[in-house]
Structures are given as structure tokens and as C-alpha cells.
Amino acid sequence: MKKIETDVIVVAAGLSGLAAAISAAENGAKVTVFEKSNTTGGAANMGMGPLGVGSPIQKNQMVSLTPGEAFRKHMYFTHYRVDARLVRDYYFKSGETIEWLMDMGVEFVGVQRAFSAPENTRAYSDGEFTWHVVKPEGGGIPGPRAATSMTKKMTERAVELGVEIIFETPVSKIITENGEAVGVIAKNKAGEEIEARAKAVILATGGFGDNPEMIKEETGYEFGKTIFNFAIPGMKGEGIKMAWEAGAGHTNANMELMYQLPDNMNHFILDGAFRQPCLWVNKLGQRFMPEDQIANTTFTGNAITAQPGSVAYSIFDSKMLKKYKKKGPDIVSHVHPHDLFDNFDEEWERDLQNGYEPIAQGDSIEELAKNAGIDIEGLVNQVEEYNEMCAEGFDEIFEKDRKYMQPIEKGPFYCCRQNVGAYGSIGGILINHKTEVMTEDYKVIPGLYAVGTDACNIFGDSYPFILSGNTMGFCLNSGRIAGENAAEKLNEF
Ligand SMILES: Cc1cc2nc3c(=O)[nH]c(=O)nc-3n(C[C@H](O)[C@H](O)[C@H](O)COP(=O)(O)OP(=O)(O)OC[C@H]3O[C@@H](n4cnc5c(N)ncnc54)[C@H](O)[C@@H]3O)c2cc1C
């Protein structure tokens, strides 16, 4: 067995692991990172950017939200069922973290909110301008994967600081002695076991989005049946299991919910096109939420979860399609292409011919319901009621914004099944505000830290979409907190 001695071991070079490694190295530690895959950045390479509050970018854009206000909004949203001290430390660090990233060369196109609610629901659900969208490599309009340029810069910074990143070397165990974490066991590409010893171990393995059994055990969702989450390869929950084995407390773990089409990255036009405040029904043909709220993907993911079979159907008619093609979508997502409907017909016909299961078309409402698998009588009755309300100009059931009350009357009719989706998992390992891992009875396990999604227990039951960029925000800031604390610990030796 190969033996290694270092100051700080970071398990994984995803977003939180990189932040931890850089911070520990900046504070004088010799850092070794073990990464299972052959690259850095993890799921962050799929995303667009982190939350920050009080950043120079916000100040330039005259965004006045303060860390204290963000903290209070977050705690109100979670009903104080999460660690207020950890949430507080995260928000108060988050503005400076954006500056820290800019200093290492990360560029942001600006700060956005993930969605905006109609004026009459503003007080409750409107999003804040916290999402710092990373400038994609080579410029252009930001979209999925824009944040790759951030993880690249972070990797460069880590290497410049002398951090050693050992690729294709998964960690399988934390070594503990007298209740303290003193190292890890890993296996390299050649199959050779490595015993690495250090004064601190930081876990950052990105949760269990790619582990259907663990998703079922921890959250009750069934992958491919009641949830169609992004399953970024390699996110098996290994860090969480290792921590539990080493005595860590177990916290509620959730999926970071939204809604999406199965295999959505290959059906991205349709994924965006049907995210409109048209008519949304469940399997029984019944409406279940004011459709003007569907831009809040967390709320919609929760609402779909509560429907029979955890599915929903988004429906528009030919008249609406014609309008979308002419004037653009009612809701413009920041993630999907803005010219969605220019390319709609092409993708629709292709997917229809290929039998892409979530979509259906019909010349009558009955035919549509039959093809989509919705209760026929239920949908016919619902469309009748809905069209009457459209004629009145007012939604008596959910008070949906009047401007979206457009009848479903001209065939052919188009339908797309919407499933519960998720970016990945959140939570599992109990930590304190210093990101130190704690046992079930809240005793610190010396030398052991957990960060990022493995330890993100601050969202309560739902991702706080009102403060967007929150997962990357937590990953970066928890990583920095752990790196700083782990490096400080070296002085005790
Ligand atoms: C499509 C998509 C878009 C997103 N957009 C955004 C966004 O715009 N803003 C936002 O805030 N969040 C976004 N997110 C979420 C965000 O990207 C993730 O929550 C974040 O990257 C998680 O960081 P992490 O450090 O916990 O894990 P990751 O960055 O996923 O890294 C985990 C790493 O652990 C490694 N690993 C796993 N097991 C082991 C092991 N045993 N040993 C060694 N290494 C191991 C993996 O290979 C991986 O490199 C998005 C997610 C997706 C999927």
C-alpha cells in the first residue's frame, strides 16, 4: 500500500472541494485532493453561477439587498428549521466570495434573479438578484455549462498554489483513531491502494444524484418513475456514507427539486417551450396550481410531486403556438434559448415521429387526452370550465394572472408531460457553522469537515429559489469556511 502524508486532504475536486482546497492552501496548508473522475468541477460544470450578496457586481448594478436581509428571507422561507448560525455565516461571506473568484480571473456577465413573479404575487415569491451568472468561455449568451469557465479558473488557482490533485482515485474510507479523522483510504487508476494521512479531511463528494437506491431510501422518490433528476455520473453518495461510517450524524436529505422532461438536455427546446403559463393539469385532467407560478421551478416540482403519479401535463393550442412563434414565449427562461419557438416545429415533429413518450398531439381534446394518457372526461370538463373563465377574463379558481387567460380551443392541441426533476441531492451529513462534522449527539468529530451538497442541510424542505444560485453559493462558501478552519487547525499541532 502506498503511503502519503499531507496537511489537509480534500475528498473530490468539484465546486466545494476546489473552494476548500484553494482556501486551505491560501492559508498555508499543504493540500492533497483525491478526485474520482478525470476532471475537476463536478456538477458545477453544468450550471450557470453562484449566489452572492453584497458583491461588487451587485453594488455596481445598484442591488441593495444586504446579507442580513438575505439571511432573514432565507430563515423565513425555511421556517427556522435549519442552522441559523451556518446560514448567517454563509450569507455574510458570500459577497466577498464573488470578489475572491473575480480576483482569480472568474468573470461574471451580471447578476440576475432566477425568475420574476407577476406583480400581484410579488410580496411572497419574487426572486432576488443574487444569481451571479458566469461569463461563458469565449463569450456569447450564458446558458447551461457557463460555469465551466469558473471551475477552470479555480483549478488553475489551486494548481498555482501547489495543491496536488490526484485524478481517477476515489476515496473509500475515512481513517479514524481515538474518535478523530486522521486520513483516508483511496485507490488509484492502477488499482493500487493509498493510505493518506493528514491533520484534516474535508468531504465534498457532491451527494447521491446518481444513486437510485439511495434516492429511494433517503427521499422516497423512484428514479425514472417518480423523479427524472440529473444523474451526474459518479455522484453515488460515497462521501455521505463514509461520514456516517465514521460516526457522523444523519440529517434529512432531499432532492433539489424542479421539473423537467426525461433526458431533457436532448429535448431542450421542448423542455423550455412548454414552461409557459398555458393550461396545466394532472392525470385526472384537473388544474392544480395558478400557472403564472410555474417559473418557480421549485414550487412547481413540489406541486407535481403532490399529484397522482407525480406527473403533470402542460397544454396549449394552435392559436397559442402561433402567438408564441410570432411574439415569443410568455415566460422567457434564463436557461433555455430565447428563440425557442423558431425551432419548435422541427424538434416537435422529430420527437413525435421518434415516439418520444412525454409528448402528445390531438385534433380534439378527447384525442389529446387519449394520446397523452390523461382522464378524457376530466380533461374535457376542465377545458370547458377553463375556457369559460377565459371568456369571463378571470380565473375564479386560482386567480391566475388575467393576461395569461387564453382559451384552449383551436386544434391541433399540443401536450407535454412534466415530471418531477432535480439538480441533485442535498444534505445528509450533520455539520456545525464551522463545517465540522458532528455525531448524532452534536459532538464534533475532530479533523473531519463536510461541505457542498453532501452537507447542505440549510434549505429545509425546499430549495430557496427566491435567493437563486443558492447551491453553488453554499458549495463555494462552505468550502471556503472548511478550508480556512482546517488550515487554522494546523497551528494547533
Ligand atoms: C444542470 C445543472 C445546472 C445547475 N445550475 C446551477 C446554477 O446555475 N446555480 C447553482 O447554484 N447551482 C446549480 N446547480 C447545482 C450545482 O452545480 C451543484 O449543486 C454543485 O456543483 C455541487 O457542488 P459539490 O461540490 O457539492 O459537488 P460537485 O461539484 O458535483 O462535485 C462532486 C465531485 O465529487 C467527486 N466524487 C464523488 N465521489 C467521490 C469519491 N468517493 N472520491 C473522490 N471523488 C469523488 C465527483 O467526481 C465530483 O467531481 C446545477 C446543477 C445542474 C445539474
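Residues numbered from 1 in each chain as written. Predicted model: local features only at pLDDT ≥ 70, side-chain atom pairs only at ≥ 80, totals over all residues. Heavy atoms only, no water.

**Let's talk about the side chain of Asp292**
Here comes step 1: Looking at the secondary structure, you find Asp292 in the loop between strand 12 (279-281) and helix 10 (297-305).
Here comes step 2: Lacking a salt bridge, the buried Asp292 has Lys400 as its closest oppositely charged neighbour, with an N-O distance of 7.3 Å.
Here comes step 3: Here Asp401 takes part through its backbone nitrogen, which lies 2.6 Å from a polar atom of the side chain of Asp292. (Helix = DSSP H or I, 4+ residues; strand = E, 2+ residues; numbered from the N terminus. Buried < 20%, exposed > 50% of the residue type's maximum accessible area, 1.4 Å probe, protein only. Lys, Arg positive; Asp, Glu negative; His and termini not counted. Salt bridge = Lys/Arg side-chain N within 4 Å of Asp/Glu carboxyl O. Polar contact = N/O pair within 3.5 Å; in protein donor to acceptor, adjacent residues only side chain to side chain.)

**Digging into the site of the ligand**
Here comes step 1: Residues in close proximity to the ligand total 37 residues, the closest being Ser16, Glu35, Glu238, Thr453 and Met472.
Here comes step 2: Contact between the ligand and Gly41: an oxygen atom at 3.4 Å from a main-chain N or O atom of the residue.
Here comes step 3: One nitrogen or oxygen atom from the main chain of Ala44 is found 3.0 Å from an oxygen atom belonging to the ligand.
Here comes step 4: Notes on the ligand: free accessible area 1,000 Å², of which the protein chains cover 95%.
Here comes step 5: When contributions to the shell around the ligand are tallied by element, the ones reaching two or more residues are helix 1 (15-26), helix 8 (238-245) and helix 15 (470-490).
Here comes step 6: Residue composition of the shell around the ligand, grouped by class: 19 nonpolar, 15 polar and three charged. (Near = heavy atom within 4 Å. Areas by Shrake-Rupley, 256 points an atom, 1.4 Å probe, with all protein chains shown as cover. Nonpolar A, V, L, I, M, F, W, Y, C, P; charged D, E, K, R; others polar.)

**Side note on the packing of helix 13 (residues 365-372) against helix 14 (residues 376-392)**
Here comes step 1: Interaxial distance between helix 13 and helix 14 falls to 9 Å at its minimum, and their mutual angle equals 135 degrees. It follows from the interaxial angle that helix 13 and helix 14 lie oblique. Classified by chirality, the crossing of helix 14 by helix 13 is right-handed. For the pair helix 13 and helix 14, contact is made by Ile365, Glu366, Leu368, Ala369 and Lys370 and by Ile376, Leu379, Val380 and Val383, respectively. (Axes fitted to C-alpha atoms, helices over the stretch in contact; angles between N-to-C directions. Parallel < 35°, antiparallel > 145°, perpendicular 65-115°, else oblique. Left-handed = near helix turned anticlockwise from the far one by under 90°. Contact = heavy atoms within 4.5 Å.)

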